[in-house]
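Structural overview for review
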Amino acid sequence: MTAAPNQGGGGAQGALDQAWQRLADREAARLRDAFVRRADVPPAARSRVAYALAGAVVLGYAALLLAGLGLLVPVFGPGPGLHPVSRVLLGFVAAALLGYAWQARPRFGPLPGTEVTEAQAPELHRLVREVARALGAARPARLVLIPEVNAFMGHGGLPPRPTLGLGLPLWYGLPPQERVAVLAHELAHDRSGDPARTGLIGAALHMLAQAYTVMQPDSVMRFNPTILELIGNAGMALLAWIPLGLYRLLLELIGADHQRAEFRADLLAAGVAGTPAVATALDRLHLSHLLESALHKQRHDPERPHAFAELRHMWDTVPEEQRQMRRDERAAQRTQLSATHPPTADRLQVVLSHPAGAQLRLDDAWAARIDAELLPFVRPLEAQAYDDYRDRYSS
């Protein structure tokens, strides 16, 4: 099943969108077929352009910062006196440059989530250690829990430390061996060669995102503005397209390597958890939307200990016809060059093309001990998940 061509936009824009989508389709098929044949593919040549662009963005930020600092010298430093008007103008320019540099500065705060320490969950941390050892990957310095059907591997704090984020609904929703598959996939990103996880491109994406946020007119300024404020708002909105365009261009340039890294992480995870566990975990993610149904049912007609157990029940008992319908819907969604993940159907095809047995097994007793360790976190994260669900619909 394929999606109908995008007819939106009309005219030249519609033709351009369709041409760009055809390029994305060819790229997705090329990556999938290459991994099916060889189980790996070298980085895309345009990734070198991405690194050059990211370097230019970081250098441009540094230049603005140095220019702002340099302008402070004639404003406040000794030497030939400046005309008062010139001093004020230079001061304004320096303040603008330094203010922008401050707003767009790299952030080093910890990644979001509720941290679970080794003292609180020794069996979970032991499992993470064992998975990392089997992969030959670095062990995360922090482990945090989030109220989503998701997991992530990132760096946060100062100095940046590797952080594993584990969605508690996802954990409770999966059978034991599929949990190993999820952990292995995330930890495998340490070896998968994802360019967005490197310092240079990650820093550039952050700076461009911050620049766009800073340049966007404040909502207060849009309320009953004067003519001058309207002109200023329009000018800032136009300028904001520059960092936004660079941000999107950078994502397009690294999109193929993003997706390459996902294929590699899937295959590395299959070598630890086994191909069947990775494949079934990917297939269950077609049904991630059922978390909202589980939260609603648990609030109004509870039958299980908590909403995440309800999600597991729903995933286990959903009719095959509904599963197939969700598979078809997801397969029909066309990927973009900037997409961070390949289509799930392509990921399944690649994983199943290279069968592997499990190196590490999580038996029911070990899984039950981990569940008991995590039980104190269930109620707070269940409440947070329900609040997020309610906020999405109330807004």
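Scroll up a little and you will see the structure.
Here's the deal with the packing of aromatic side chains
- Within this structure, the stated rule accounts for two aromatic pairs.
- With centroids separated by 5.1 Å and ring planes inclined at 40 degrees, the aromatic side chains of Phe35 and Phe263 adopt a geometry described as tilted. Of this pair, Phe35 sits in helix α1 (residues 11-38) while Phe263 is found in helix α8 (residues 227-273), placing the two residues 228 residues apart along the sequence. Comparing Phe35 with Phe263 shows no difference in burial state: the two are buried.
- The cationic tip of Arg126 hangs over the ring face of Trp366; the distance from NZ or CZ to the ring centre is 4.0 Å.
- Against the face of Tyr386 rests Arg299, its NZ or CZ located 3.7 Å from the ring centre.

Some thoughts on helix α2 (residues 47-76)
- A rise of 1.5 Å per residue sets the reference length of α2, with its 30 residues, at 44 Å; its end C-alpha atoms lie 44 Å apart and thus fit the reference within 8%.
- Looking only at α2, the buried set comprises Ser47, Ala50, Leu53, Ala54, Gly55, Val57, Tyr61, Gly68 and Val75.

Points about the nonpolar core
- One finds Leu124, Leu127, Leu135, Leu145, Leu168, Trp171 and Leu374 to be the most contacted residues of the largest nonpolar core, which totals 63 residues.
- Among the elements that line this core, the one with the most residues is helix α14 (residues 364-394), at 10 residues.
- For Leu127, the residues in contact, after removing those within four places along its chain, are Trp171, Val180, Leu183, Leu360, Leu362, Trp366 and Ile370.
- Ala50, Ala104, Met207 and Leu250 belong to the second-largest nonpolar core, a separate cluster that totals 18 residues.

A closer look at the pattern of salt bridges
- Inspection of every chain in the model, using the stated rule, returns 24 salt bridges.
- A salt bridge links Arg32 to Asp346, with the shortest nitrogen-to-oxygen separation between them at 3.4 Å. Within this pair, whereas Arg32 is found in helix α1, its partner Asp346 is found in helix α13 (residues 344-352), the two being separated by 314 residues in sequence.
- Among the ionic pairs, Arg133 bridges to Glu130, the shortest N-O distance being 2.8 Å. On the criterion of helical spacing, the pair formed by Arg133 and Glu130 is a turn pair, its members being three residues apart in helix α4 (residues 122-135).
- A relative accessible area of 55% means that Arg133 is categorised as exposed.
- Connected through salt bridges with shared partners, the residues Lys297, Asp301, Glu303, Arg304 and Glu310 form a single ionic network.

Examining the sheet that holds strand β2 (residues 142-146)
- What the four strands build is an open sheet, ordered β1-β2-β4-β3; its pairing is mixed. The open sheet is flanked by β1 (114-115) and β3 (151-156), the only strands paired with a single partner.
- Looking at chain direction, β2 and strand β4 (residues 161-167) are connected through five bridges and run parallel. Following the sheet pairing, Ile146 is matched in β4 by Gly167.
- Those strands touched by helix α6 (residues 176-188) are β3 and β4, and its axis lies near 35 degrees from that of β3.

Things to note about the environment of Val41
- Here Val41 shows up in the loop between α1 and α2.
- A relative accessible area of 4% places Val41 in the buried class.
- For the pair Val41 and Arg264, spaced 223 residues apart in the sequence, the C-alpha separation amounts to 9.0 Å.
- The contact partners of Val41, leaving out residues within four places of it in the chain, are Arg30, Leu31, Ala34, Phe35 and Arg260.

Conventions used here
- Residues numbered from 1 in each chain as written.
- Predicted model: local features only at pLDDT ≥ 70, side-chain atom pairs only at ≥ 80, totals over all residues.
- Heavy atoms only, no water.
- Phe/Tyr/Trp six-rings, centres within 6.5 Å; stacked < 30°, edge-to-face > 60°.
- Helix = DSSP H or I, 4+ residues; strand = E, 2+ residues; numbered from the N terminus.
- Buried < 20%, exposed > 50% of the residue type's maximum accessible area, 1.4 Å probe, protein only.
- Lys NZ or Arg CZ within 6 Å of the ring centre and 35° of its normal.
- Expected span 1.5 Å × (residues − 1).
- Core = buried A, V, L, I, M, F, W, Y, C linked by side-chain atoms within 4.5 Å.
- Contact = heavy atoms within 4.5 Å.
- Salt bridge = Lys/Arg side-chain N within 4 Å of Asp/Glu carboxyl O.
- Pairing = 2+ DSSP bridges.
- Axes fitted to C-alpha atoms, helices over the stretch in contact; angles between N-to-C directions.

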